[in-house]
Amino acid sequence: MKKLVSLILALAMLLSVGMIAQADEPIKIVWWVYGSEAPIDTQIVVDAANKYSAEKIGVTVELLFLDEEGFDREMNADTYFDMTFTCDWANDFATNAYNENFYDITELVKTETPALYAAIDQKYWDVAGSLNGVIYAVPTLKDMASQQFFRMDKERYEAMGFTLPEYIEFRDLEPMLKAYKETYNDYPMAMGKAGLTGMTNSAQWIAGSYLCSPYHLAGTERENQIIPFWEDEVLMERYQLLHKWYELGYINPDAATVESQGKEVRTIRSGSAWPGYYVGHTSWGDMEVQGVCYAGPFMSTATMRGAMNAINAAATEDKAIACLKYLELLNTDRTFRDILRFGVEGTHFNYVDVDGVKAVERTEQGTNNWSMDGFVTGSVVNASVTSNAIYDWEKIFEGYEKALVSTLGTFSFNKEDVEAECAACSAVMGKYTSELLTGTIDIDAALPQIKAELEKAGIYEIQKEAQRQLDEYLGK
């Protein structure tokens, strides 16, 4: 990792002294990034980023924010873009690659942007950014394994006599919920209809939220089996516990119908992150938090495809190269990366020293007007750490060596022959998902009906085709 960092810095210096040819007029690229809506200060930040990138590489961007539905809508409408966010859970990478919507950058990324190619470990190019040996996307370096944490109110739980551990089983959270309810007469696990973020990530989802391959089956006689969600014992126990906790009043009664509980709620939340991410004071709930891991790390093609950027197959070669050079600058120039990650220095953030570490401290304007998940505008690894979350990416990536690794390799399910059945099963699950994720529904009582509806919709036909493809992929 240290050698890689040195190489990146050396190449970045070469870039800064003119290795990238400047155009008389900057090339403008249209970049679709993930987000439900554009932050208030988007134009201010984009103007600052464009000034920097125009001087460095002769490329500027128009930044457009799209959510899952927005990506589907714009892709189906053939709306033009130059570069787009893609992953395993939004603007699906495999589907777009199969449909030849993305540019083949296999050779271009090596010849035109060698520093970008060197900055990303080969396994991420091979596993995440590729399909059938062709590179279609540039992986975003972030948490490359799936690891779920409870974000907990450290001060309150310690005041109640609990010592927050580094790891906890999902079921063992119950005494803390009980104590919180009794002490504060509030919902300790208040949530919106999306439930606990990342809670279902202990399995690889092969089709929708109904067919999966759980990580915990790796190394057992059931590995490489694609199963209906109700055959995943880990997930079912969580659904059962959530319903129990809902009945006990630990979850708000309207959870399945509201979008979220807002930042003002002091409670337990869940998120997919990495060790050290949830620590210290946070504006969320205005409290000191601590992360307690309850699942993972798990590593698979899906986790490595958690965030990437791909280029429109219809783009000209000049535009494709411009996109790659832009991503190269993001991956090799921390000053530039920090602009798109944190905003304008002095306006949205300031650099501070924390025990010898140069870190970012957001201003109120930065927190309110330019704040989003770090992966949205580039690799999280390449940005500065924040003053309230100091972590070492080298150690985090070393920790991935101990991750439970999927046995499915780079398998991606091609749904083309069962598209109608997949749509029907997704429609069935759409009726129940929010209630399952919030504990509103008794899974044991509802399961016979859910099974019957999914069977009628064609779940077993999908399972058979997915298993056939997986077996073929594995050479069985």
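Chemist: Go over the sheet that holds strand 3 (residues 83-86) with me, naming the residues and quoting the values.
Modeler: The sheet built from five strands is open, its strands ordered 2-1-3-14-6 with mixed pairing. A single partner strand is all that each edge strand has here, and the edge strands are strand 2 (59-66) and strand 6 (137-139). When the angles between neighbouring strand axes are averaged without regard to direction, this sheet yields 25 degrees. Set on the sheet, helix 3 (residues 68-76) makes contact with strand 1 (27-34), strand 2 and strand 3; between it and strand 1 the angle comes to about 130 degrees.

Chemist: For the packing of aromatic side chains, give the residues involved together with the corresponding values.
Modeler: Tallied over the full model, the rule gives 37 aromatic pairs. For the pair Y215 and F298, a centre-to-centre distance of 4.7 Å together with 10 degrees between the ring planes defines the contact as stacked. In this pair, Y215 is assigned in the loop between strand 9 (211-214) and strand 10 (227-228) and F298 in strand 13 (residues 287-299), connecting sequence segments 83 residues apart. Through successive ring pairs, a cluster of aromatic residues spans Y124, F149, W274, Y277, Y278, Y391, W393, F397 and Y400. Cation over ring: R156 sits above Y184, and NZ or CZ is 4.2 Å from the ring centre. Geometry around Y351 places K358 over its ring, the cationic atom sitting 4.2 Å from the centre.

Chemist: Residue-level account of the packing of helix 10 (residues 233-247) against helix 16 (residues 419-438), with values.
Modeler: In the contact formed by helix 10 and helix 16, the axes pass within 7 Å of each other and the chain directions differ by 70 degrees. Classed by the angle they form, the pair helix 10 and helix 16 counts as roughly perpendicular. Of the residues in helix 16, those touching helix 10 at Y239, L242 and Y246 are L436, L437 and T438.

Chemist: Requested: an account of the nonpolar core, with residues and values cited.
Modeler: Counting 81 residues, the largest nonpolar core has W31, Y124 and Y326 as its most contacted members. Take this core: its biggest share by element is nine residues, from helix 12 (residues 317-332). Not counting residues up to four positions away in its chain, the partners in contact with Y326 are I29, W31, A49, S53, I57, V59, V61, M83, F336 and L340. One finds M199, W230, W245 and Y432 within the second-largest nonpolar core, a separate group that totals 59 residues.

Chemist: So what's going on with the pattern of salt bridges? Residues and values would help.
Modeler: Within the structure shown, the criterion is met by 14 salt bridges. The shortest N-O distance in the salt bridge between R73 and E74 comes to 3.1 Å. Exposure remark for R73: the relative accessible area of 49% places this residue in the partly exposed category. Overall, the relative accessible area of 18% leaves E74 in the buried class. For the salt bridge of R468 with E465, the shortest nitrogen-to-oxygen distance reads 2.8 Å. Here the residue R468 and the residue E465 both occupy positions in helix 18 (residues 459-474), the gap between them amounting to three residues, near one helical turn. Given a relative accessible area of 41%, R468 falls into the partly exposed group.

Chemist: How would you explain the environment of P228 if you had to name every residue and give the values?
Modeler: Relative to the assigned elements, P228 resides in strand 10. A sequence separation of 110 residues divides P228 from D338, and the C-alpha atoms of the two residues are 43 Å apart. Beyond its immediate stretch of four places on either side in the chain, P228 contacts Y210, L211, I459, Y460 and Q463.

Chemist: I'd like to hear about the state of the cysteines, residue by residue, with values.
Modeler: According to the stated counting rule, one finds zero disulfides in the structure shown. The thiol of C87 is not disulfide-bonded; the next cysteine sulfur, from C422, is found 18 Å away. With no disulfide of its own, C422 lies 6.9 Å from the sulfur of C425, the closest cysteine sulfur.

Chemist: Describe unusual backbone geometry, naming the residues involved and giving the relevant values.
Modeler: Note the cis peptide between G296 and P297, where omega equals 5 degrees. Looking at the element boundaries, P297 is found in strand 13. Unusually for a residue other than glycine, N91 sits at a positive phi of about 50 degrees. Here N91 shows up in the loop between strand 3 and helix 4 (93-98). By relative accessible area, which is 4% here, N91 ends up buried. In this model, E100 sits at a positive phi of 60 degrees, which is unusual for a non-glycine residue. Examined against the element boundaries, E100 turns out to sit in the loop between helix 4 and helix 5 (108-112). Residue classification places E100 among the exposed positions, given a relative accessible area of 63%.

Chemist: Account for the sheet that holds strand 8 (residues 203-207), with residues named and values stated.
Modeler: Reading across the sheet, the three strands line up as 8-9-10 and stay open at both edges, with antiparallel pairing between neighbours. Bordering the open sheet on either side are strand 8 and strand 10, each of which pairs with just one other strand. Pairing of strand 9 with strand 10 involves two bridges; the strand directions are antiparallel. Bridging from a neighbouring strand, C212 pairs with I227 of strand 10.

Chemist: Describe the pairing of strand 7 (residues 146-153), listing the residues and the values that go with them.
Modeler: Burial runs high along strand 7: seven of the eight residues are buried. Pairing of strand 7 with strand 13 involves seven bridges; the strand directions are antiparallel. Its bridge partner being in strand 13, R151 is matched across the sheet by G291. By the bridge criterion, four bridges tie strand 7 to strand 11 (residues 269-272) in an arrangement that is antiparallel. Note that in strand 11 the partner of Q148 across the bridge is S272.

Cut-offs used in this document
- Residues numbered from 1 in each chain as written.
- Predicted model: local features only at pLDDT ≥ 70, side-chain atom pairs only at ≥ 80, totals over all residues.
- Heavy atoms only, no water.
- Pairing = 2+ DSSP bridges.
- Helix = DSSP H or I, 4+ residues; strand = E, 2+ residues; numbered from the N terminus.
- Axes fitted to C-alpha atoms, helices over the stretch in contact; angles between N-to-C directions.
- Contact = heavy atoms within 4.5 Å.
- Phe/Tyr/Trp six-rings, centres within 6.5 Å; stacked < 30°, edge-to-face > 60°.
- Lys NZ or Arg CZ within 6 Å of the ring centre and 35° of its normal.
- Parallel < 35°, antiparallel > 145°, perpendicular 65-115°, else oblique.
- Core = buried A, V, L, I, M, F, W, Y, C linked by side-chain atoms within 4.5 Å.
- Buried < 20%, exposed > 50% of the residue type's maximum accessible area, 1.4 Å probe, protein only.
- Salt bridge = Lys/Arg side-chain N within 4 Å of Asp/Glu carboxyl O.
- Disulfide = S-S within 2.5 Å.

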